[in-house]
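Given next are the chains, with one letter for each unit.
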Amino acid sequence: MRARLWRHDIALRTPVSAADQVHSTRTHLFVELEIDGVYGYGEVSPQPQGLNGDPGLRDVVDEFEVFTLRQFIEAAQREGESPHWARVTHFAGSRPASRPASALLEMALLDRDLRARHATIEHQWPERFLTPTQATVSLLDEGPWVDVGDAAQVRAKISAHPVGVERWERLASLGRPVLLDFNCSGGSIDAVLATVERAQDFVDVVAVEQPFAVGNVVEHARLAAVLECPVSLDEGVRHRRDLDQIVRYQAARLVCIKPARVGGFAQARTMIERAQRLGLEVYLGGFFESPLARAANRALARHYLTRPSDIANADLATDLPWRSDPWGIGFVATAALTWCEPLVSRQW
């Protein structure tokens with residue numbers, strides 16, 4: 001058995017500004033797992049530095065090497081075989097970096113398991129819905145926006161600062177329903193309400209996403225009580241307990257579940273099912289992943305969800321270290337992966 005971790009910086013063709021950062025280049029962590037000659041690949045795309053509850057890149061790398069991979073190796077040696085991919089979540093600790101590190105290893109194990117059985121990600125989660133796609137633009141950007149293509153909905157990044165008429169008109173010209181994404185920067189309830197009222201002069205606002213800080217269910221509940229459209233929570237959704245709190249306080253009607261944020265696909269699947277039982281609507285979010293993780297996210301979304309989700313391929317400018325493969329998630333590494341910055345290599 002062998003595991004290797006690489007870092008690869010991938011540029012977005014069109015940068016996207018959020019309240020506290022500009023998404024122009026995203027660092028991707030790729031893991032290659034080889035067991036009995038069969039390979040599997042995983043991916044997460046951490047923030048450069050910790051932000052809004054999400055861990056930074058260095059923390060995820062350290063967590064993967066020091067805790068996640070070590071516990072997996074110990075379990076494999078103790079049991080005489082590789083643990084099933086859905087068990088990886090049980091190795092996760094309680095640190096912010098534990099969930100993305102677990103998701104990274106879990107994806108590689110899932111990919112390897114599928115490839116060993118000559119199965120595909122669509123075998124794992126057969127398509128049941130024609131899940132629409134969502135495109136992301138930013139009302140904070142003066143420069144060009146990504147081509148929204150055939151996206152059914154647009155997520156528009158915004159903050160508490162006023163937006164000029166020309167940008168609202170630009171958003172309106174896309175002719176799509178809009179989810180306003182504050183990334184925890186909404187300021188006050190009055191400020192959010194004023195922004196939504198202004199936006200509705202130009203576009204159909206279908207939801208307001210994460211205007212307040214992670215864990216602030218009280219302010220989200222107060223906003224939800226007076227807002228005509230649904231409140232959606234994104235950064236504040238990491239665990240099943242978060243879903244229970246959201247419902248208890250009636251803090252939102254819609255939640256964004258990101259597999260890399262919640263600890264992988266096993267956890268994402270469980271949280272989707274739990275959210276739906278609790279009466280919450282769900283869409284699948286992303287972190288500008290490469291086609292590898294997007295393919296897995298897409299299969300999961302099409303099996304469970306009908307709301308527009310972040311499942312179209314991100315608009316990436318950097319050459320990618322993948323080629324198509326008929327099995328697993330659908331990609332294997334090219335020689336280009338070895339040009340990426342190596343971080344961890346373990347053999348056991």
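1. Quick word on the overall build of the chain
- From N to C terminus, the chain includes ten helices and 13 strands.
- For 348 residues, the compact-globule estimate of 2.2 N^0.38 gives 20 Å, and the chain sits close to it at 20 Å.
- With respect to the three principal axes, the spread of C-alpha positions in the chain is 60 × 40 × 35 Å.
- Across the 348 residues in the chain, those meeting the buried criterion constitute 57%.
- If the 38 positive side-chain charges of the chain are averaged to one point and the 45 negative ones to another, these points end up 4 Å apart.

2. As for the side chain of Thr 14
- Locating Thr 14 in the fold gives a position in strand β1 (residues 2-17).
- Judged by relative accessible area, which is 14%, Thr 14 ranks as buried.
- Sequence-distant contacts of Thr 14, defined by excluding residues within four places in its chain, comprise Pro 144, Trp 145, Val 146 and Asp 315.

3. Regarding the side chain of Ser 17
- With respect to the element layout, Ser 17 can be found in strand β1.
- By relative accessible area, which is 11% here, Ser 17 ends up buried.
- Engagement of the side chain of Ser 17 in a polar contact is seen with the side chain of Asp 141, the distance being 2.3 Å.
- Discounting residues that sit within four places of it in the chain, Ser 17 has contacts with Val 22, Ser 138, Leu 140, Asp 141 and Lys 157.

4. Points about the sheet that holds β1
- With antiparallel pairing, the four strands of this open sheet are ordered in space as β3-β2-β1-β13. Because the sheet does not close on itself, it has two edges, and the strands there are β3 (38-44) and β13 (341-347). In this sheet, neighbouring strand axes are inclined to one another by 25° on average, regardless of whether the strands run parallel or antiparallel.
- The sheet contact formed by strand β2 (residues 22-35) and β3 spans seven bridges and is antiparallel. Bridge pairing in β3 links Val 31 to Gly 42.
- Lying on the sheet, helix α2 (residues 98-116) is in contact with β1, β2 and β3; it crosses β3 at an angle near 150°.

5. Thoughts on the sheet that holds strand β5 (residues 153-157)
- Strands sit in the order β4-β5-β6-β7-β8-β9-β10 across an open sheet of seven strands; the sheet is parallel. Every other strand in the sheet has two partners, leaving β4 (134-138) and β10 (281-284) as the edge strands with one partner each. Strand-to-strand twist in this sheet, taken as the mean axis angle between neighbours without regard to direction, amounts to 25°.
- Sheet topology places strand β8 (residues 231-233) next to strand β9 (residues 254-257); two bridges connect them, and they run parallel. Bridged to Leu 233 within β9 is Val 255.

6. Observations concerning the pattern of salt bridges
- Taken as a whole, this structure holds 26 salt bridges when the rule is applied.
- Taking the shortest distance from any N to any O, the salt bridge between Arg 58 and Asp 62 comes out at 3.1 Å. With a gap of four residues between them, Arg 58 and Asp 62 both fall in helix α1 (residues 57-79), about one helical turn apart.
- For Arg 58, a relative accessible area of 47% translates into the label partly exposed.

7. Notes on the nonpolar core
- Judged by nonpolar contacts, the single largest core of 108 residues is most densely connected at Phe 72, Trp 125, Leu 139, Leu 171, Leu 180, Val 255 and Ile 257.
- Per element, the largest residue contribution to this core is nine residues, and it comes from α2.
- Once residues lying within four places of it in the same chain are set aside, the contact partners of Leu 171 are Val 137, Leu 139, Trp 145, Val 154, Ala 156, Val 178 and Val 203.
- Formed by five residues, the second largest nonpolar core is a distinct cluster that contains Leu 179, Ala 207, Leu 254 and Cys 256.

Rules used throughout
Residues numbered from 1 in each chain as written. Predicted model: local features only at pLDDT ≥ 70, side-chain atom pairs only at ≥ 80, totals over all residues. Heavy atoms only, no water. Helix = DSSP H or I, 4+ residues; strand = E, 2+ residues; numbered from the N terminus. Rg over C-alpha atoms; globule rule 2.2 N^0.38 Å. Buried < 20%, exposed > 50% of the residue type's maximum accessible area, 1.4 Å probe, protein only. Lys, Arg positive; Asp, Glu negative; His and termini not counted. Charge placed at Lys NZ, Arg CZ, Asp CG, Glu CD. Contact = heavy atoms within 4.5 Å. Polar contact = N/O pair within 3.5 Å; in protein donor to acceptor, adjacent residues only side chain to side chain. Pairing = 2+ DSSP bridges. Axes fitted to C-alpha atoms, helices over the stretch in contact; angles between N-to-C directions. Salt bridge = Lys/Arg side-chain N within 4 Å of Asp/Glu carboxyl O. Core = buried A, V, L, I, M, F, W, Y, C linked by side-chain atoms within 4.5 Å.

The values reported here are purely geometric and, on their own, carry no functional implication.
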